[in-house]
Amino acid sequence: MSQWNKEQWGAAPPPSQGYPQYPQHPQNAAPYPGPTPNYAEPSYSQPQANVGGGGEYKQSYEGERFKPKKKINDPFFLVFFVLQFLGFVALSAVAIHSWVSDGGLGGGLGKSGASSGSAVTLNQSTVYLLLLVTAAAVLLSALYLILIRAFTRIIMHITLLLSIALNIGICVYYWITKYYSGAIIFTIIALFSILSYWGYKSRIPLASLLLQVVMDVSKHHTSVYVVAFVALIMQAALSVWFVFTCIAIYGKWTPGSSSCSTSSCSSGKVAGLIFYATFSYLWTSQVIANVALATLAGGPYGAWYYFGPKEMGEMPNHPTLSAFGRASTLSLGSIAFGSLIVTLLELLKMILHAVQNSANADGHPIEACLACCAACFVGCIESAVEYFNRYAYIEIALYGKSYLGASKDTWRLFKDRGIDALVNDSLVGMTLTWGAYAVGMLSSLFAYLYLRITDPSYNSGGQYTAPVILFAFLIGLMCSLTLSSAVEAGVSTIFVGLGEDPQVLSIRAPALFGMIAETYPHVVRGVPGV
């Protein structure tokens, strides 16, 4: 027995006690997914899969794992989510019907089509533009994932440096423009990012290996990409629907529009309806992405971790369909609960940014500084809640827990495993998030160039350039984040598995387990009570 095993188990386990029967690899079978030539083999002496004893192992179906009770969790939030979505459907139907009746306010594809529409507000040519943006975002998102797998470490280094460069760039810009409230905040952020660079840099080998293992597992489970692309198509369709609805709201209720003769129009009504449509879009988009996350965690990734590869014959039939069934019915209320928290924080941040811009425009720097600080604080809370929720959704996917129950177990997992190890998960998330921002920026650049080239009649003074570019950025961002969530789901599922049954990873991916055990020995000790 290795020295690490003696420290881990205390003494050799009695021969009469055996590990619960996790599927083992046959003697002549290749490791699955197995370290590829690109994986760095650690010097660490890994525990053997066939040693006896071990109280840290758990049965694959222990604690209702993969077989939760047949009950609906968090029904109040399930009903609330359904009702708000039906409200969005009704609003969209009324607005789009009026918009279509007016011929979409004219407009078409290209320069000739753009000049033929209404000059009052957004018209049909905007729809063609954003449809093209959506198609470009889907293509760019898929291309970025291919590049990550081919150049994992290089892209991680680049995204880390880009994060620091962005913070410094924003800081310098704010000082130059004498926007002192934002400059002070981003000076602190820039200094912190520079100081943390060396700590992050040392984690890149482990984070890149973790990312490569997950992407290699996904190659053996086509359902991973089926779920990701179905979620992506749904997100793209929802984004297009949202854009149609917003354009129709502008067209129907903007003062001076042709439809104002049959209905009352005001800027306040437009703002209120756009706010509700944005709330519904953000919440529904969050739910779609998180249902996909739960499907992947409770399906291919969770089944791979606890049962081994499909070829061993221990994996349940159709784990992805089973996980989707649980996530979209029994656990939908719990997913909607967690998603609502993030949505409200995002809306609060948007309101604070609007207050900040208004204070700047009115020449009130103290109020602007306070609003900026508040928005930054809310943004930090939102990021922490999103990160925490990802692990809670995995608990929900594996065990069918309520949102609050999953949150309690997730917090215990974080405390016992240690937050330090989550830096590697953060590096993976940073890499994928930077790709999403790049896709969003390229999408908005495409929209800007299209507006410049076609010069639509409604945008003769450039008054709609900002909203159209923002819509394009959101579409690109959401499409890329949805596709990237397929990879993040695998990374986070492995971390949850490490917290509960760390020794299983020594069978599934020995090189990854060895590197984690060398760097974070406390992480590979199971979490009691989860």
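Residues numbered from 1 in each chain as written. Predicted model: local features only at pLDDT ≥ 70, side-chain atom pairs only at ≥ 80, totals over all residues. Heavy atoms only, no water.

Caption draft 1: Expanded view of the overall build of the chain. Counting its regular elements, the chain contains 17 helices and zero strands. Residue burial in the chain is summarised as follows: out of 530 residues, 55% are buried. (Helix = DSSP H or I, 4+ residues; strand = E, 2+ residues; numbered from the N terminus. Buried < 20%, exposed > 50% of the residue type's maximum accessible area, 1.4 Å probe, protein only.)

Caption draft 2: Expanded view of unusual backbone geometry. The phi dihedral of Asp74 falls on the positive side, at around 50 degrees, and the residue is not glycine. Secondary-structure assignment places Asp74 in the loop between α1 (3–9) and α2 (75–101).

Caption draft 3: Local environment of the packing of aromatic side chains. With the rule as written, the count across this model stands at 14 aromatic pairs. Taking 6.4 Å as the distance between ring centres and 35 degrees as the angle between the ring planes, the aromatic pair formed by Phe76 and Phe80 counts as tilted. Here Phe80 and Phe76 lie together in helix α2, a separation of four residues that amounts to about one turn. Seen in terms of ring centroids, Phe242 and Tyr281 are 4.3 Å apart; in terms of plane orientation they differ by 10 degrees. Their pairing is stacked. Of this pair, Phe242 sits in helix α8 (residues 222–253) while Tyr281 sits in helix α9 (residues 267–307), and the two are 39 residues apart along the sequence. Site record: aromatic cluster; members linked through ring pairs are Phe76, Phe77, Phe80, Phe81, Phe279, Trp283, Phe337 and Tyr403. We note Lys401 situated over the ring of Tyr399; from NZ or CZ to the ring centre the distance is 4.5 Å. (Phe/Tyr/Trp six-rings, centres within 6.5 Å; stacked < 30°, edge-to-face > 60°. Lys NZ or Arg CZ within 6 Å of the ring centre and 35° of its normal.)

Caption draft 4: Structural view of the side chain of Arg326. With respect to the element layout, Arg326 can be found in helix α10 (residues 319–328). What makes Arg326 buried here is its relative accessible area of 13%. At 3.3 Å, the side chain of Arg326 forms a polar contact with the backbone oxygen of Ala397. (Polar contact = N/O pair within 3.5 Å; in protein donor to acceptor, adjacent residues only side chain to side chain.)

Caption draft 5: Representation of the packing of helix α7 (residues 197–219) against helix α15 (residues 465–500) in the model. Closest axis-to-axis distance for the α7/α15 pair is 9 Å, and the angle between their directions is 110 degrees. The angle between the axes of α7 and α15 places the two elements in the roughly perpendicular class. Crossing geometry of α7 relative to α15 is assigned as right-handed. Across the interface between the two elements, Leu210, Leu211, Val213, Val214 and Met215 from α7 touch Val487, Gly490, Val491, Ile494 and Phe495 from α15. Among the residues making up the contact of α7 with α15, the classes are represented as nine nonpolar, one polar and no charged. (Axes fitted to C-alpha atoms, helices over the stretch in contact; angles between N-to-C directions. Parallel < 35°, antiparallel > 145°, perpendicular 65-115°, else oblique. Left-handed = near helix turned anticlockwise from the far one by under 90°. Contact = heavy atoms within 4.5 Å. Nonpolar A, V, L, I, M, F, W, Y, C, P; charged D, E, K, R; others polar.)

Caption draft 6: Layout of the nonpolar core. Residues Ile148, Ile249, Leu505 and Leu512 are the most contacted members of the largest nonpolar core, which totals 120 residues. The element contributing the most residues to this core is α9, with 21 residues. Setting aside anything within four residues of it in sequence, one finds Ile148 in contact with Ile155, Leu211, Met215, Thr431 and Leu432. (Core = buried A, V, L, I, M, F, W, Y, C linked by side-chain atoms within 4.5 Å.)

Caption draft 7: Local environment of the pattern of salt bridges. Throughout the structure, instances matching the rule amount to six salt bridges. Its salt-bridge partner being Lys349, residue Glu346 comes within 3.5 Å of it at the nearest N-O pair. Here Glu346 and its partner Lys349 are both found in helix α11 (residues 332–361), three residues apart, which amounts to about one turn of the helix. One salt bridge connects Glu488 with Arg390, and the closest N-O pair in it is separated by 3.6 Å. Here Arg390 lies in helix α12 (residues 365–399) and Glu488 lies in helix α15, a separation of 98 residues in the sequence. On the basis of relative accessibility, which here comes to 13%, the residue Glu488 falls in the buried class. When salt bridges that share partners are traced, they join Glu395, Lys401, Asp409 and Arg412 into one network. (Salt bridge = Lys/Arg side-chain N within 4 Å of Asp/Glu carboxyl O.)

Caption draft 8: Summary view of the confidence of the model for the chain. Averaged over every residue, the pLDDT of the chain is 75; residues scoring 70 or more account for 76%. Taken as a whole, residues 1–57 scores under 50 in pLDDT and shows 115 contacts with residues more than four places along the chain or in a different chain. Taken as a whole, residues 105–122 scores under 50 in pLDDT and shows 57 contacts with residues more than four places along the chain or in a different chain. (pLDDT = per-residue confidence, 0-100.)

Caption draft 9: How the structure looks around the environment of Gly302. Structurally, the position occupied by Gly302 is in helix α9. With relative accessibility at 0%, the residue Gly302 sits in the buried group. Sequence separation of Gly302 and Leu398 is 96 residues, and the distance between their C-alpha atoms is 7.4 Å.

Caption draft 10: Expanded view of α15. Taking 1.5 Å as the rise per residue, α15 with 36 residues should run 52 Å; its terminal C-alpha atoms sit 51 Å apart, in good agreement. A maximum bend of about 35 degrees is found in α15 at Ser485. (Expected span 1.5 Å × (residues − 1). Bend = angle between axes of the 7 residues up to and from the residue.)

Caption draft 11: Representation of a nonpolar patch on the surface in the model. Taken together, Leu143, Leu147, Phe151, Ile154, Ile158 and Leu162 make up a surface patch of nonpolar side chains, about 520 Å² in accessible area. The set of elements that each furnish at least two residues to the nonpolar patch consists of α4 (124–150) and α5 (152–176). Per-element accounting of the nonpolar patch gives the leading share, three residues, to α5. If you trace the backbone, Leu143 turns up in helix α4. For Leu143, a relative accessible area of 45% puts it in the partly exposed group. (Patch = residues over 30% accessible without salt bridge, like charges linked within 9 Å, V, L, I, M, F, W, Y side chains within 5 Å. Areas by Shrake-Rupley, 256 points an atom, 1.4 Å probe, with all protein chains shown as cover.)

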